[in-house]
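Structural overview
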Amino acid sequence: DPGADASLCGMAATGASGTNAVRYGTMRPNVLNLRVVLPDGRLLHTAGPGRQARKRAAGYDLTSLFVGSEGTLGFLTQATLRLHPLPEATAVTIASFPGVGAAVACTVQVLQAAVPVARIEFLDEVMADACSRYSGMGLPVAATLLLELHGSRNSLAEQQRQTEEIVRLNGGSGLAWAEEPEQRGRLWAMRHNAWYAALALRPGCQGYSTDVCVPISRLPNVVVETKQDLQDSGLTGPMVGHVGDGNFHCILIFNTQDPEEAKRVHAFTQRLGRRALAAGGTCTGEHGVGLGKRALLLEELGQEGLDTLRSIKAALDPHNLMNPGKVI
């Protein structure tokens, strides 16, 4: 369930995910084969032409090499994907919390209780208010979780009971389960319009989205610290995330004609990346390194890791034709 403007090969190229990743995984484990145009024009099938095996141990894992390569090693032109069955029953709910710490702590406890949740999406109070106004949903101005459960009709009732109990223990309120496709569709349409809702907070300004991913156990502290950093920086940066994976995003809305504000945005994104690294996480869970996080990539992988990436790049693209200057 990617963003509205995503393509399959684009998702593979950045190693991205979506709202269903907590149960069904990111792109990486769901890509079985890729057709890639190499820099010299040759056509590569990363798992071999026509291969669709769910697992393999034949040689280097070329598919995983190209997933997340951000266009630096070749053009991804076709992807063979793993399919998952549709569940018998689905239920979605929205819960409001007294603060971002409580919302994220609830996420951690739901996962630790082994509730087989399919989606857990987090909105801070700024994002919840923006999405509510943009989509006309009438949500409280509060830290919010959107939770979706999949399963058989019998198992779904038990999952709902467990989830409701954990939400209440964390001060959550407003639980009402939606099971009809139309109702569920409205809720997720609101979430998928988060980018546009954020832009509407400051008409005429532009958005810069950054993301990090940390171990689930460290997520509440990192989210609370990031929220405080945003407030101290005086930035408009609603938070939203696939927190079931430990992944969250800050959508920074700023005036690109204001050098001082642009400088604060850059400084914040660097602090956010380093905060994630200090917590044992990664500087990007799905948006990629691009230009802006190359220094953070060195800090994350070390010089040996970066040298290895450069060796692979030089072997496949000796003339530096593919997305030059990006990642490494």
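Everything numeric in this text was worked out from a predicted model, so none of it was measured. (Residues numbered from 1 in each chain as written. Predicted model: local features only at pLDDT ≥ 70, side-chain atom pairs only at ≥ 80, totals over all residues. Heavy atoms only, no water.)

Description of the packing of helix α5 (residues 100–112) against helix α10 (residues 219–233)
In a packed pair of helices, the relevant descriptors are the angle between the two axes and the axis-to-axis distance. Here α5 crosses α10 at 160 degrees, and the two axes come no closer than 9 Å. As far as their axial angle goes, α10 and α5 are roughly antiparallel. Along this stretch, α5 crosses α10, giving a crossing that reads as right-handed. Only Leu-219, Pro-220, Val-223, Val-224 and Lys-227 of α10 make contact with α5, whose side of the interface consists of Val-100, Gly-101, Val-104, Ala-105 and Val-108. (Axes fitted to C-alpha atoms, helices over the stretch in contact; angles between N-to-C directions. Helix = DSSP H or I, 4+ residues; strand = E, 2+ residues; numbered from the N terminus. Parallel < 35°, antiparallel > 145°, perpendicular 65-115°, else oblique. Left-handed = near helix turned anticlockwise from the far one by under 90°. Contact = heavy atoms within 4.5 Å.)

Comments concerning the side chain of Asp-211
Tracing the backbone through its elements, the reader meets Asp-211 in strand β7 (residues 206–213). Summary of buried charges: Asp-211 has no salt-bridge partner, and the nearest side chain of opposite charge, Lys-293, is 4.0 Å away. Side-chain polar atoms of Asp-211 contact the side chain of Thr-284, separated by 2.9 Å. Polar side-chain contacts of Asp-211 include one of 2.9 Å to the backbone nitrogen of Glu-286. (Buried < 20%, exposed > 50% of the residue type's maximum accessible area, 1.4 Å probe, protein only. Lys, Arg positive; Asp, Glu negative; His and termini not counted. Salt bridge = Lys/Arg side-chain N within 4 Å of Asp/Glu carboxyl O. Polar contact = N/O pair within 3.5 Å; in protein donor to acceptor, adjacent residues only side chain to side chain.)

A few points about the sheet that holds strand β3 (residues 75–81)
The strand order across the open sheet built from three strands is β2-β1-β3, with neighbouring strands paired in antiparallel fashion. Each end of this open sheet is capped by a strand with a single partner; those strands are β2 (43–45) and β3. Direction aside, neighbouring strands of the sheet carry axes that sit 15 degrees apart on average. Note: strand β1 (residues 31–37) against β3, six bridges, orientation antiparallel. (Pairing = 2+ DSSP bridges.)

Overview of the packing of aromatic side chains
Two aromatic rings are characterised by how far apart their centres lie and by the angle between their planes. Per the counting criterion, the structure on display carries zero aromatic pairs. Seen from the ring of Trp-188, Arg-119 lies directly overhead, with NZ or CZ sitting 4.2 Å from the centre. (Phe/Tyr/Trp six-rings, centres within 6.5 Å; stacked < 30°, edge-to-face > 60°. Lys NZ or Arg CZ within 6 Å of the ring centre and 35° of its normal.)

Details of the packing of α10 against helix α11 (residues 259–278)
At their nearest, the axes of α10 and α11 sit 11 Å apart, and the two run at 165 degrees to each other. Between α10 and α11, the angle falls in the class roughly antiparallel. Considering only the axes of α10 and α11, their crossing is right-handed. Side by side, α10 and α11 meet where Val-222, Glu-225, Thr-226, Asp-229, Leu-230 and Ser-233 of the first sit next to Arg-264, Phe-268, Arg-271, Leu-272 and Arg-275 of the second. Residues of the contact of α10 with α11, tallied by class, amount to four nonpolar, two polar and five charged. (Nonpolar A, V, L, I, M, F, W, Y, C, P; charged D, E, K, R; others polar.)

Nothing here speaks to function; it is all geometry.
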